[in-house]
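Residue-level structural notes
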Amino acid sequence: MGDLSKEINSKFANNKVKALLNIVYTANLISTRQNEFFKPFGISPQQYNILRILKGAKSPLKVQTIKERMLERSPNATRLMDKLCAKGYIERCASKEDRRVVKITITKAGLDFLETIPIHSHSEFLKNLSEEEAEQLSNLLDKMR
């Protein structure tokens, strides 16, 4: 890993173009590696994200709330939840206040399953950055959005 110009054998019109392409290139690399990491566990990074959201919530959440909290907003979040439901990791429960509202909760099996996944450290991606540089990168990305 090194300079993007060398990695994709390209020159850029200016540093802003290079920065944007670098973000896209790096995001794709991270996504590919995350998919590879989660494959042996039989889930996707998005499904892992859903499980983590539900674990942190400590109470059932509406599907829409889960979608809003996802790192990677997915139009097929409901389908992802269907698959987690089929595995017994989450369950749907009707709201006591309004039967039309369905809430999702993580099951004991889902919590146990999360325990089998080692905490995925992103240190491999950020190993060459100091804590201060990581903060600066994060601040710059926030500013960009």
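That block above? That's the structure.
Below is a summary of the structure that appears in this document. The shown structure was predicted, so the numbers you read here are calculated from the model rather than taken from an experiment.

Re helix α5 (residues 77-86)
- Taken as a whole, α5 has its buried residues at Ala-77, Leu-80, Met-81 and Leu-84. Viewed end-on, α5 has its buried residues packed into an arc of 100 degrees, placing them on one side of the element.
- Buried residues in α5 make contact with α3 (45-57), α4 (63-69), β2 (90-94) and β3 (102-106).
- Once α5 ends, the next one or two residues include Gly-88, with phi positive near 85 degrees.

Examining the packing of aromatic side chains
- Summed over all chains, the structure comprises four aromatic pairs.
- A centroid spacing of 5.0 Å and a plane angle of 85 degrees characterise the contact between Phe-37 and Phe-38, whose relative ring orientation is edge-to-face.
- Ring geometry for Phe-37 versus Phe-41: centroids 5.8 Å apart, planes at 45 degrees, classification tilted.
- The class for Phe-41 is partly exposed, based on a relative accessible area of 23%.
- One aromatic cluster is present, formed by Phe-37, Phe-38, Phe-41 and Tyr-48 through successive ring pairs.

Digging into the sheet that holds β3
- Taken together, the three strands give an open sheet; going across it, the order is β1-β3-β2, and neighbouring strands pair in antiparallel fashion. Two strands in the sheet have a free side with no partner beyond their single neighbour: β1 (61-62) and β2.
- Alignment of β1 against β3, held across two bridges, turns out to be antiparallel. From the neighbouring strand, Leu-61 faces β3, where its bridge partner is Ile-104.
- Its contacts with the sheet place α5 against β2 and β3, and it is angled at close to 105 degrees to β2.

Digging into helix α2 (residues 15-38)
- With 24 residues, α2 ought to run about 34 Å at 1.5 Å a step, and its terminal C-alpha atoms sit 34 Å apart, in line with that.
- Where α2 begins, the capping side chain belongs to Asn-14, and its oxygen is found 3.0 Å from the backbone nitrogen of Lys-16.

Structural notes on the nonpolar core
- If you look at the biggest cluster of nonpolar residues, it comprises 22 residues, and the most contacted ones within it are Ile-50, Leu-51, Leu-54 and Ile-66.
- In terms of residue count, the dominant contributor to this core is α3 (six residues).

Looking at unusual backbone geometry
- If you check the backbone angles, Lys-58 has positive phi at about 65 degrees while not being a glycine.
- Assessed through its relative accessible area of 76%, Lys-58 is described here as exposed.

Re the side chain of Thr-105
- Looking at the secondary structure, you find Thr-105 in strand β3.
- The class of Thr-105 is buried, set by a relative accessible area of 17%.
- Aside from chain neighbours lying at most four places away, what touches Thr-105 is Leu-54, Pro-60, Tyr-89, Ile-90, Glu-91 and Cys-93.

Re a nonpolar patch on the surface
- Taken together, the side chains of Leu-20, Ile-23, Val-24, Leu-126, Leu-129, Leu-137, Leu-141 and Met-144 present a nonpolar region at the surface, about 630 Å² in accessible area.
- By the element assignment, Ile-23 lies in helix α2.
- The exposure class of Ile-23 is partly exposed, given its relative accessible area of 32%.

Calculation rules
- One numbering rule holds for all chains: residues counted from 1, following each sequence as written.
- Only residues with pLDDT of 70 or above have their local features reported here, since the model is predicted, and side-chain atom pairs are shown and tallied only from 80 upward, although totals for entire chains, interfaces and linings are computed over all residues.
- The side-chain figures draw on all heavy atoms in the structure; neither hydrogens nor water molecules are used.
- Relative accessibility thresholds used throughout: buried, under 20% of the residue-type maximum; exposed, over 50%; partly exposed, between the two (1.4 Å probe, protein chains only).
- Helix and strand labels come from DSSP, where a helix needs a run of H or I of at least four residues and a strand needs a run of E of at least two; each type is numbered from the N terminus.
- Directions from the helix axis toward the C-beta atoms define the arc.
- Two residues form a contact once any of their heavy atoms are found within 4.5 Å.
- Stacked, tilted and edge-to-face are the three classes assigned to paired rings of Phe, Tyr and Trp, where Trp is represented by its six-membered ring and a pair needs centres within 6.5 Å; plane angles under 30 degrees give stacked, over 60 edge-to-face, the rest tilted.
- Pairs of strands are assigned from DSSP output, requiring at least two bridges between the strands.
- Between the N-to-C directions of two axes lies an angle of 0 to 180 degrees, each axis being a line fitted to C-alpha atoms and, for a helix, fitted only over the stretch in contact.
- Any helix carries an expected span of 1.5 Å times its number of residues minus one.
- N or O atoms closer than or at 3.5 Å make up a polar contact, with two conditions inside protein: a donor-capable atom paired with an acceptor-capable one, and, for residues adjacent in sequence, both atoms drawn from side chains.
- By convention a nonpolar core is built from buried Ala, Val, Leu, Ile, Met, Phe, Trp, Tyr and Cys residues, the set being connected through side-chain atoms within 4.5 Å.
- Residues enter patches when their relative accessible area tops 30% and they take part in no salt bridge; the joining distance is 9 Å for like charges and 5 Å for the nonpolar side chains Val, Leu, Ile, Met, Phe, Trp and Tyr.
- Residue-level accessible areas treat just the shown protein chains as cover; the underlying method is Shrake-Rupley with a 1.4 Å probe.
- Put simply, a salt bridge is a Lys or Arg side-chain nitrogen that is within 4 Å of an Asp or Glu carboxyl oxygen.

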